[in-house]
Amino acid sequence: MMRRSSLGCGIAAALVLGTTPAVATTPSDALVIAWNIDAISSFDPAQIAEVVTDEILLNICDALVDFDPEDPTQFIPGLAESWDVSEDMQTITFTLKEGIVFPDGSPGTAQDLVWSMHRVLRLGYGNAAALTEYGFTEENVEDMIFAEDDRTVVMKLDRPYPVSLIMASIAANRVAVMLNREVLEANAEGDDLGNAWLATRTECVGPYSLARWNAGEVVMLQANEHYAGEAPNLQRVLIRHVAETGTQRLLVEQGDVDVARNLTPEDIAELAARDDIEMSQVLTPTMFYLSMNNSHPAFEDPRVRLAMRYLIDFQGLGESVLRDVGEPRSSFAPIGSFGALDVDEGQPFSLDIDRARELLAEAGYGDGLTVSLLVGSAPFAAPVAQSIQENAARAGVTFNIEQMANAQLFARHRARDYDALLTGYRASVPDAHGMASRHVFNPDNSPEAQLTQYVSWRSAYYSGEANAAVEEALFESDPETRAALYRDMQHWMMEEGPQAFIMQYYDVALHSDAVQDWTWNGLRIYLDRVSK
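Remember, predicted model here, so these are calculated numbers, not experimental data. (Residues numbered from 1 in each chain as written. Predicted model: local features only at pLDDT ≥ 70, side-chain atom pairs only at ≥ 80, totals over all residues. Heavy atoms only, no water.)

With that out of the way, let us pick up the overall build of the protein. Helices and strands together make up the secondary structure of the protein, namely 18 helices and 17 strands. Computed over the C-alpha atoms, the radius of gyration of the protein is 23 Å, within 12% of the 24 Å expected from 2.2 N^0.38 for a compact globule of 532 residues. Counting only C-alpha atoms and orienting by the principal axes, one finds that the protein spans roughly 70 × 60 × 45 Å. Burial statistics for the protein: of 532 residues in total, 58% are counted as buried. Excluding contacts between residues fewer than 6 apart, the proportion of contacts in the protein whose partners are at least 24 apart in sequence is 71%. (Helix = DSSP H or I, 4+ residues; strand = E, 2+ residues; numbered from the N terminus. Rg over C-alpha atoms; globule rule 2.2 N^0.38 Å. Buried < 20%, exposed > 50% of the residue type's maximum accessible area, 1.4 Å probe, protein only. Contact = heavy atoms within 4.5 Å.)

Listed below in structure tokens is the structure:
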């Protein structure tokens, strides 16, 4: 990669510290983004669980394959230049590109990649679920994922899973990025395999490297000069943590940032009307929902969980605080994924206080119910919580709202330390299984299992019947029958599931007209393609 940065130290410092030059402008070879990134806690691909960190990491680290930007149901080369699937669909052989090099100039091999994938299971953080879900364990992975030579990775499967799911769930996932084994082993603390080292660093192969992360302030990406692939168009990406939507709006209006990522419907509409600002919008497989902890005696009853759905004003929210933010939706399967209910069938609920009262009375809560409701820092979260709180009060339910930073909210969710909370989840695959495998299926509901990557576990929801339904749909070979199984599952979960889904997100970016080639689909953004 031959390009060199022209971003001067003075301008870089000004951007990081939040000050600006006399004439508000951003460097021609840098992209500056205002975004709420308070959820970031680590850059270890074995550990991260937040959408924001995943999006940044996949612009730093190449996985085995990537989603086609134009059609996320298809795959394009990543670390692998090609792949072959055996006739029995139980062996996938990946051939890596020639000349793979880490940012420090050392060569990357199939052995590094295999070690990196094994490491996910050895560490046992939540992301191990991406592998254990498809039969890989710490005990069998050396025989199931191995390097035949420096450029060949073989992945064996214990069952004939749909290949498209393996490609999307594993090969295009952060669990299939190549880490620099030598560096991580040299900087390991005890048996952490470099986990503490990666809390604030990246050691992978990709178009960018993490140059700086100041928690609660900024993430800076620097183009990797040793990258063997196509060089990114811009030398640096600077992501400023800006939690307040009004501040984001002011920064993009003044030209202090190129892109604003978290804006209110009013801001979006007004900024999009300007000649010098453009709006980019894409429907993502991210669902916003009310999670109900089934460890709470009230939420253990499916009638109470159903009552909560009748306390959500889908139409009113869709026309106000969620306008241009998302589409009201009660089904767990996002629009656009295989097996998803259509728009109308996937949103059968409307505000019905009387029906909610009836269900609560049937469940023994006719005299009222008091629970806490945790809310993060998304700009629409508090207004949605307040709407639910007001409607619930009319049915005798008291929601005590507690607002906090997203990082704290996610930690409470993963620890099962809540009654109810509002949060989001992004499916990693364009298939209903992506959500069913995390929101319906729960392999072990015991507290000591600590299956934090399963939203069903976080909400203490377990159903042997539901687990069997997920397994049946996964291995059904006839597409029409498989889609029908997912449709039945969605209707079932809308009646008794632990999550009351509220909307499907749009990703919305307002950017200056100097920004060109802003490229994204519902699953990820491609910052290396952006230019000015």
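That shown, we press on.
The subject of this paragraph is the pattern of salt bridges. Side chains that differ in charge, positive against negative, can pair when their charged atoms come close. For the coordinates displayed, the defined rule picks out 25 salt bridges. The residue D354 makes a salt bridge to R357 at a minimum N-O spacing of 2.8 Å. Note that D354 and R357 are positioned in helix α12 (residues 353-362) at a spacing of three residues, about one turn of the helix. Judged by relative accessible area, which is 48%, D354 ranks as partly exposed. By relative accessible area, R357 is classed as partly exposed at 38%. The network of salt bridges with shared partners includes R249, E253, D267, E270, R274 and D276. (Salt bridge = Lys/Arg side-chain N within 4 Å of Asp/Glu carboxyl O.)

A word on the side chain of E55. In this fold, E55 is placed in helix α2 (residues 51-57). Excluding its chain neighbours within four sequence positions, the residues that come into contact with E55 are W35, R261, R426, D507 and I525.

Bringing the packing of helix α17 (residues 464-475) against helix α18 (residues 479-496) into the picture now. It is at 9 Å that the axes of α17 and α18 come closest, and there the two elements cross at 155 degrees. Classed by the angle they form, the pair α17 and α18 counts as roughly antiparallel. As α17 runs across α18, the sense of the crossing is left-handed. Seen from α17, the contacting residues are E465, A466, A469, V470, E472, A473 and L474; seen from α18, they are R482, L485, Y486, M489, W492 and M493. Of the residues contributing to the contact of α17 with α18, the split by class is ten nonpolar, no polar and three charged. (Axes fitted to C-alpha atoms, helices over the stretch in contact; angles between N-to-C directions. Parallel < 35°, antiparallel > 145°, perpendicular 65-115°, else oblique. Left-handed = near helix turned anticlockwise from the far one by under 90°. Nonpolar A, V, L, I, M, F, W, Y, C, P; charged D, E, K, R; others polar.)

What follows covers the confidence of the model for the protein. Here the protein averages 94 in pLDDT, and 95% of its residues register 70 or above. Within the model, the stretch residues 1-23 combines pLDDT values under 50 with 37 contacts to residues more than four positions away or in other chains. (pLDDT = per-residue confidence, 0-100.)

Enumeration according to the criterion identifies ten aromatic pairs in this entry. With 5.6 Å between their ring centres and 35 degrees between their planes, F67 and F75 make a pair best called tilted. With a centroid separation of 6.1 Å and an interplanar angle of 85 degrees, the aromatic rings of F288 and Y505 are classed as edge-to-face. With F288 in strand β12 (residues 277-292) and Y505 in strand β17 (residues 499-512), this pair connects stretches of sequence that are 217 residues apart. Taken together, the ring pairs connect Y134, Y161 and F475 into an aromatic cluster. Above the ring of F475, the side-chain terminus of R159 is found at 3.7 Å from the ring centroid. In this structure, R529 packs its charged tip against the face of Y526, placed 5.5 Å from the ring centre. (Phe/Tyr/Trp six-rings, centres within 6.5 Å; stacked < 30°, edge-to-face > 60°. Lys NZ or Arg CZ within 6 Å of the ring centre and 35° of its normal.)

Okay, the pairing of strand β10 (residues 236-241) next. Counting buried residues in β10 gives five out of six residues, a clear majority hidden from the surface. As defined by bridge partners, strand β1 (residues 30-35) adjoins β10 across six bridges and the pair is classed as parallel. Counted as the bridge partner of I33 is I239 from β10. (Pairing = 2+ DSSP bridges.)

For the structure on display, the rule yields one disulfide. The disulfide partner of C61 is C204, and the S-S distance across this bridge is 2.0 Å. Its S-S torsion of about -75 degrees marks the bond between C61 and C204 as left-handed, since a negative value means left-handed. Placement of the pair is C61 in the loop between α2 and β2 (65-67) and C204 in the loop between α7 (181-186) and β8 (208-214), with a sequence separation of 143 residues. (Disulfide = S-S within 2.5 Å.)

Looking at where V259 falls in the secondary structure, it is placed in strand β11 (residues 259-260). Sequence separation between V259 and I145 is 114 residues; the distance between their C-alpha atoms is 40 Å. In contact with V259, not counting residues within four places along its chain, are L31, V32, I33, A34, V252, A509, L510, H511 and W518.

Attention now moves to the sheet that holds strand β4 (residues 80-85). Spatially, the four strands line up as an open sheet ordered β4-β5-β7-β6, and their pairing is antiparallel. In this open sheet, the two edge strands, each paired with only one partner strand, are β4 and β6 (145-149). Across the sheet, the mean angle separating the axes of adjacent strands is 25 degrees when strand polarity is ignored. Relative to strand β7 (residues 152-156), β6 runs antiparallel, the two being bridged by four bridges. Pairing of I145 across the sheet is with M155, part of β7. Sheet contacts for helix α3 (residues 110-123): β5 (91-96), β6 and β7; angle to β6, the most-contacted strand, approximately 175 degrees. Here helix α6 (residues 163-171) sits on the sheet and contacts β4, β5 and β7; the angle it forms with β5, its principal contact strand, is near 50 degrees.

At a closest axis distance of 6 Å, the pairing of helix α10 (residues 302-309) and α18 adopts a crossing angle of 95 degrees. On the basis of the axis angle, α10 is roughly perpendicular to α18. Across the interface between the two elements, P302, R305, L306 and R309 of α10 pack against M493, M494, E495 and E496 of α18. Of the residues contributing to the contact of α10 with α18, the split by class is four nonpolar, no polar and four charged.

Right, let's get into the nonpolar core. In terms of nonpolar packing, the biggest core is built from 91 residues, with L31, I56, F94, L96, F136, V219 and W518 touching the most fellow members. The dominant element in this core, judged by the number of residues it contributes, is α3, at eight residues. Excluding residues that lie within four positions of it along the chain, F94 makes contacts with L64, V65, A80, S82, W83, R151, T152, V153, M155, M167 and A171. A307, L341, L373 and A420 belong to the second largest nonpolar core, which has 43 residues in total. (Core = buried A, V, L, I, M, F, W, Y, C linked by side-chain atoms within 4.5 Å.)

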